[in-house]
Amino acid sequence: MEQKLNVQITIPIPPDTILISKVELAELKKNELLGSYWTMSDLEKRINKKQAWIKENILYPQNFKKILDVDQGGFVYYPKVQGQTWSFHAAKMAEFLDKRFDQIFSKKRAAV
């Protein structure tokens, strides 16, 4: 004989807190980067690497540059003269980094 227990539990939620579904949270996180641009400093913080490493391993290898460079239809502004700053379309750069994590960190760049 199977027994069931029906119990109602009340969990207090602080007034400065809301509950949302996992789907809503994922959508909010995805939209967080839309319309945002990163500087080189922002990118350094995001991937925990210094500018020299980022340039050598991500920005200047030709197979990545042809995808990234705004002059070739990409989403990274490469400075033309000294004093100009790098600019990265945040959402597209984040997606690029996620998709190519293994290529970036394992040096398998030929298969881009």
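Since the model is a prediction, treat every value here as computed from it, not as a measurement.

(A) Expanded view of the overall build of the protein chain. The number of helices and strands found in the protein chain is six helices and three strands. Taken from the N to the C terminus, the helices and strands of the protein chain come in the order α-β-α-α-α-β-β-α-α. Computed over the C-alpha atoms, the radius of gyration of the protein chain is 22 Å, more than 25% above the 13 Å expected from 2.2 N^0.38 for a compact globule of 112 residues. In terms of overall dimensions, the protein chain has C-alpha extents of about 75 × 35 × 25 Å along its principal axes. Across the 112 residues in the protein chain, those meeting the buried criterion constitute 29%. Here the protein chain displays about 8800 Å² of accessible surface, and carbon together with sulfur accounts for 54% of that area. Seen as two clouds, the 18 positive and the 13 negative side-chain charges of the protein chain have centres 7 Å apart.

(B) Molecular detail of the side chain of Asp-69. In this structure, Asp-69 sits in the loop between α4 (62–68) and β2 (76–77). Buried and without a salt bridge, Asp-69 has Lys-65 as its closest oppositely charged side chain, separated by 4.4 Å. At 3.0 Å, the side chain of Asp-69 forms a polar contact with the backbone nitrogen of Asp-71.

(C) Examining the sheet that holds β2 more closely. Taken together, three strands build an open sheet; the order of strands is β1-β3-β2 and the sheet is antiparallel. Sheet topology places β1 (37–38) and β2 at the edges, where each strand pairs with a single neighbour. Here β2 runs beside strand β3 (residues 87–89); their pairing, made up of two bridges, is antiparallel. If you follow Val-76 over to β3, its bridge partner there is Phe-88. Sheet strands in contact with helix α5 (residues 90–99) are β1, β2 and β3, and its direction is about 80 degrees off that of β3.

(D) Quick peek at the nonpolar core. Counting residues in hydrophobic clusters, the biggest one holds 22 residues, and the most contacted among them are Ile-58, Leu-59, Leu-68 and Met-93. Contributions of two or more residues to this core are made by α2 (40–47), α3 (51–59), α4 and α5. Looking at this core element by element, the count peaks at six residues for α5. For Met-93, the contacting residues outside a window of four places in its chain are Trp-38, Leu-43, Ile-58, Leu-68, Phe-75, Val-76 and Phe-88.

(E) Examining the pattern of salt bridges more closely. Applying the stated criterion to the full structure yields two salt bridges. For Asp-71, the salt bridge identified is with Lys-80, shortest N-O distance 2.7 Å. Between Glu-95 and Lys-99 there is a salt bridge whose closest N-O contact spans 3.0 Å. In this pair, Glu-95 and Lys-99 both sit in helix α5, four residues apart, roughly one turn of the helix. Given the relative accessible area of 56%, Lys-99 is considered exposed.

Each value, and the rule that gives it
Residues numbered from 1 in each chain as written. Predicted model: local features only at pLDDT ≥ 70, side-chain atom pairs only at ≥ 80, totals over all residues. Heavy atoms only, no water. Helix = DSSP H or I, 4+ residues; strand = E, 2+ residues; numbered from the N terminus. Rg over C-alpha atoms; globule rule 2.2 N^0.38 Å. Buried < 20%, exposed > 50% of the residue type's maximum accessible area, 1.4 Å probe, protein only. Areas by Shrake-Rupley, 256 points an atom, 1.4 Å probe, with all protein chains shown as cover. Lys, Arg positive; Asp, Glu negative; His and termini not counted. Charge placed at Lys NZ, Arg CZ, Asp CG, Glu CD. Salt bridge = Lys/Arg side-chain N within 4 Å of Asp/Glu carboxyl O. Polar contact = N/O pair within 3.5 Å; in protein donor to acceptor, adjacent residues only side chain to side chain. Pairing = 2+ DSSP bridges. Contact = heavy atoms within 4.5 Å. Axes fitted to C-alpha atoms, helices over the stretch in contact; angles between N-to-C directions. Core = buried A, V, L, I, M, F, W, Y, C linked by side-chain atoms within 4.5 Å.

This is a description of form; function is not addressed.
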